[in-house]
Amino acid sequence: MNNVAIFETHFANWFKTSNAFAFWKGRVAMYAILKALGIKGGDEIILPGYTCVMDVNPIKYLGAKPVYVDIEPSTFNINPALLESKITPKTKIIVAQHTYGYPCDMDAVMAIAAKRGIVVIEDCCLSFGSRYKGKTVGTFGKAAYFSFQWNKPFTTGLGGMAITNDDVLGERIEQICKSQLVQSSIKEKLMLAAQLAVYRMFIYPRTTALAQNIFRYLTKKGAVVGSSSAAEYNPQQMAADFFKGMSSIQARSGLWQLAKVESNIAHRRQMAEVYDKLLAEKGWPTRKYDKSVMDPVMVRYPVRIKEKAKALEDAATAGIELGSWFECPLHPIETPLEVYDYRIGMCPEAEKASQEVVNLPLHPRATKKTVRRTVEFITGFTPVID
Ligand SMILES: Cc1ncc(COP(=O)(O)O)c(C=O)c1O
């Protein structure tokens, strides 16, 4: 078996599912699922209005229409109370995105979907190992997809995976891959391998802001394999090589990351608790979720502040790793929202969150010292108190 097949098998085993398919990116995994489910022009797909625009492209590429539902403000996940009114006879899929690692209210989402005969798929790009009522997210819906891009629960540079326990759907994904999947070029593979090496050697919480700026500059110049190209902000045109498989370099890195994932998860849980404690000591709001049903493994720790732009600017000079997704309902800020059928005012809570939320590091390189420095820094601003 090659590295990609081995990674797929190990990944499927971790989730105790029967099928896993590895791709170049998470968005490609989503596309494969939608295509295998037969999504076509005129279909409607419901998703939260607080996501990455790259999650909307696969919907548009297939001619379907994204329908946005506002979020529930404490978990940033789709608000089930608003979900049902968005369902029409054309609704085919609800995308349950587990934002920042908080599980969606899966009882409510699954019940509404079952009642209306709609398929649920899970966007696990921001959550690996979170549980809802003891069940791991990614195993509730018909299928789920994951991202291994730089900021995700674990990284292979770029990368994605689709899983499903439905063997008929698995068979269809396999057939589509056999006939349509393209491979990355040698140049792309070499660039990604070099980037992974640089990342392992140099990217630490204090250097992240500087590295991000250099990375964005080099992406524009075409000198590195960026997460998204300029062409990807035009959903009218799917790139000829969009439907791309995972390379062996990514799979090798994924296997290595998966072998360490339990300690990654334990670290994230522990650091999130340290944030809870230190923020509470400063009188700041901490994570708010129903502990009797949710057991989140956070990818980042979200906090709401009044001076987001200033905090991001100061963080870069202070060597503090502050994340800023999502910057608008369809991240990033450059997204032409109307092209993606989003109109300002559609999801007021998501728009408010975009203005207020910054996220703090929890990854394995963020130590207790990082957390203390980050809390010292962020509490210099004004918290948003609900
Ligand atoms: C919630 C969410 N879904 C999907 C994606 C797409 O993942 P990828 O960048 O691997 O295509 C992202 C990307 O950042 C994301 O944040």
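Refer to the preceding data block for the structure.
### With respect to the overall build of the protein chain
Here comes step 1: Along the protein chain, the regular secondary structure elements total 13 helices and 16 strands.
Here comes step 2: A globule of 386 residues ought to have a C-alpha radius of gyration of about 21 Å, and the protein chain, at 20 Å, matches this closely.
Here comes step 3: Summarising its shape, the C-alpha atoms of the protein chain cover approximately 55 × 50 × 40 Å along the three principal directions.
Here comes step 4: Out of the 386 residues belonging to the protein chain, those deemed buried represent 57%.
Here comes step 5: For the protein chain, long-range pairs separated by at least 24 residues make up 75% of all intrachain contacts whose partners lie at least 6 apart in sequence.
Here comes step 6: Total accessible area on the protein chain stands at roughly 16200 Å², and carbon and sulfur atoms take up 56% of it.
Here comes step 7: Here the protein chain contributes 48 positively and 37 negatively charged side chains, and the mean placements of these two sets differ by 4 Å.

### Here's the deal with helix α12 (residues 348-356)
Counting along an α-helix, one turn takes 3.6 residues, and residues three or four places apart therefore face a common direction.
Here comes step 1: Buried residues of α12: A350, E351, A353, S354 and E356, and no others.
Here comes step 2: On its buried face, α12 is in contact with β5 (71-72), β14 (300-304), α11 (308-318) and β16 (357-361).

### Some thoughts on the site of the ligand
Here comes step 1: G26, R27, D123, S147 and K152 are the nearest of the 14 residues found near the ligand.
Here comes step 2: The separation between an oxygen atom of the ligand and a polar main-chain atom of G26 is 2.8 Å.
Here comes step 3: Protein coverage of the free-state accessible area of the ligand, which is 390 Å², stands at 95%.
Here comes step 4: The set of elements that each furnish at least two residues to the shell around the ligand consists of α2 (26-36) and β3 (51-52).
Here comes step 5: Residue composition of the shell around the ligand, grouped by class: four nonpolar, five polar and five charged.

### What about the nonpolar core?
Here comes step 1: Judged by nonpolar contacts, the single largest core of 118 residues is most densely connected at F7, F11, F23 and F146.
Here comes step 2: Setting aside residues no more than four positions away along its own chain, F11 makes contact with F128, F146, F148, F154, M161, I163 and L258.
Here comes step 3: Ranked by size, the runner-up nonpolar core spans five residues in total, among them W24, W150, L192 and L196.

### Focus on the pattern of salt bridges
Here comes step 1: Under the defined criterion, the tally for this structure stands at 21 salt bridges.
Here comes step 2: For R287, the salt bridge goes to D276, with nearest N and O atoms at 2.7 Å. Of the two residues, R287 sits in the loop between α10 (261-281) and β13 (294-295) while D276 sits in helix α10, which places them 11 residues apart along the sequence.
Here comes step 3: You can call R287 buried: its relative accessible area is 11%.
Here comes step 4: A salt bridge links K277 to E281; the shortest N-O distance between them is 3.1 Å. Here K277 and its partner E281 are both found in helix α10, four residues apart, which amounts to about one turn of the helix.
Here comes step 5: Its relative accessible area of 51% is what places K277 among the exposed residues.
Here comes step 6: Here E281 falls in the exposed class, since its relative accessible area comes to 56%.

### A word on the sheet that holds β13
Here comes step 1: One open sheet holds the three strands; their spatial order is β10-β9-β13, and the pairing between them is antiparallel. Of all the strands in the sheet, the pair left with one neighbour each is β10 (135-136) and β13.
Here comes step 2: Where strand β9 (residues 131-132) lies against β13, two bridges are found, and the strand directions are antiparallel. The residue bridging Y132 from the neighbouring strand is M294, located in β13.

### A closer look at a positive patch on the surface
Here comes step 1: A contiguous patch of positive charge on the surface is contributed by R206, K368, K369 and R372.
Here comes step 2: With respect to the element layout, K369 can be found in helix α13 (residues 368-378).
Here comes step 3: With relative accessibility at 53%, the residue K369 sits in the exposed group.

### So, the packing of aromatic side chains
Here comes step 1: Applying the stated rule across the entire model yields 30 aromatic pairs.
Here comes step 2: Taken together, a centroid distance of 5.5 Å and an interplanar angle of 80 degrees make the contact between Y31 and F242 edge-to-face. In this pair, Y31 sits in helix α2 while F242 sits in the loop between α8 (208-220) and α9 (248-259), placing the two residues 211 residues apart along the sequence. No difference in accessibility class separates Y31 from F242, as the two residues are buried.
Here comes step 3: An aromatic cluster is present here, built from F7, F11, W14, F15, F128, F146, F148 and F154 joined pairwise through their rings.
Here comes step 4: Above the face of the F140 ring, K135 is positioned so that its terminal group lies 5.2 Å from the ring centre.
Here comes step 5: Lying over the aromatic face of Y289, K291 brings its terminal NZ or CZ to 4.9 Å of the ring centre.

### With respect to the sheet that holds strand β2 (residues 44-48)
The strands that make up a sheet are held in pairs by hydrogen bonds between backbone atoms, and each pair lies either parallel or antiparallel.
Here comes step 1: Spatial strand order, β1-β12-β11-β8-β7-β2-β4: seven strands in an open sheet with mixed pairing. Strands with a single pairing partner mark the edges of an open sheet, and in this sheet they are β1 (19-23) and β4 (65-69). Pairwise comparison of adjacent strand axes, ignoring direction, gives a mean angle of 20 degrees for this sheet.
Here comes step 2: With five bridges connecting them, β1 and strand β12 (residues 160-164) associate as antiparallel partners. Residue pairing for β12: N19 is matched across the bridge by T164.
Here comes step 3: Contacts from α2 reach β1, β2, β7 (91-97), β8 (119-123), β11 (143-147) and β12, with the element oriented near 165 degrees to β11.
Here comes step 4: Packed onto the sheet, helix α6 (residues 167-180) meets β1, β11 and β12 and runs at close to 30 degrees relative to β1.

Each value, and the rule that gives it
- Residues numbered from 1 in each chain as written.
- Predicted model: local features only at pLDDT ≥ 70, side-chain atom pairs only at ≥ 80, totals over all residues.
- Heavy atoms only, no water.
- Helix = DSSP H or I, 4+ residues; strand = E, 2+ residues; numbered from the N terminus.
- Rg over C-alpha atoms; globule rule 2.2 N^0.38 Å.
- Buried < 20%, exposed > 50% of the residue type's maximum accessible area, 1.4 Å probe, protein only.
- Contact = heavy atoms within 4.5 Å.
- Areas by Shrake-Rupley, 256 points an atom, 1.4 Å probe, with all protein chains shown as cover.
- Lys, Arg positive; Asp, Glu negative; His and termini not counted.
- Charge placed at Lys NZ, Arg CZ, Asp CG, Glu CD.
- Near = heavy atom within 4 Å.
- Polar contact = N/O pair within 3.5 Å; in protein donor to acceptor, adjacent residues only side chain to side chain.
- Nonpolar A, V, L, I, M, F, W, Y, C, P; charged D, E, K, R; others polar.
- Core = buried A, V, L, I, M, F, W, Y, C linked by side-chain atoms within 4.5 Å.
- Salt bridge = Lys/Arg side-chain N within 4 Å of Asp/Glu carboxyl O.
- Pairing = 2+ DSSP bridges.
- Patch = residues over 30% accessible without salt bridge, like charges linked within 9 Å, V, L, I, M, F, W, Y side chains within 5 Å.
- Phe/Tyr/Trp six-rings, centres within 6.5 Å; stacked < 30°, edge-to-face > 60°.
- Lys NZ or Arg CZ within 6 Å of the ring centre and 35° of its normal.
- Axes fitted to C-alpha atoms, helices over the stretch in contact; angles between N-to-C directions.

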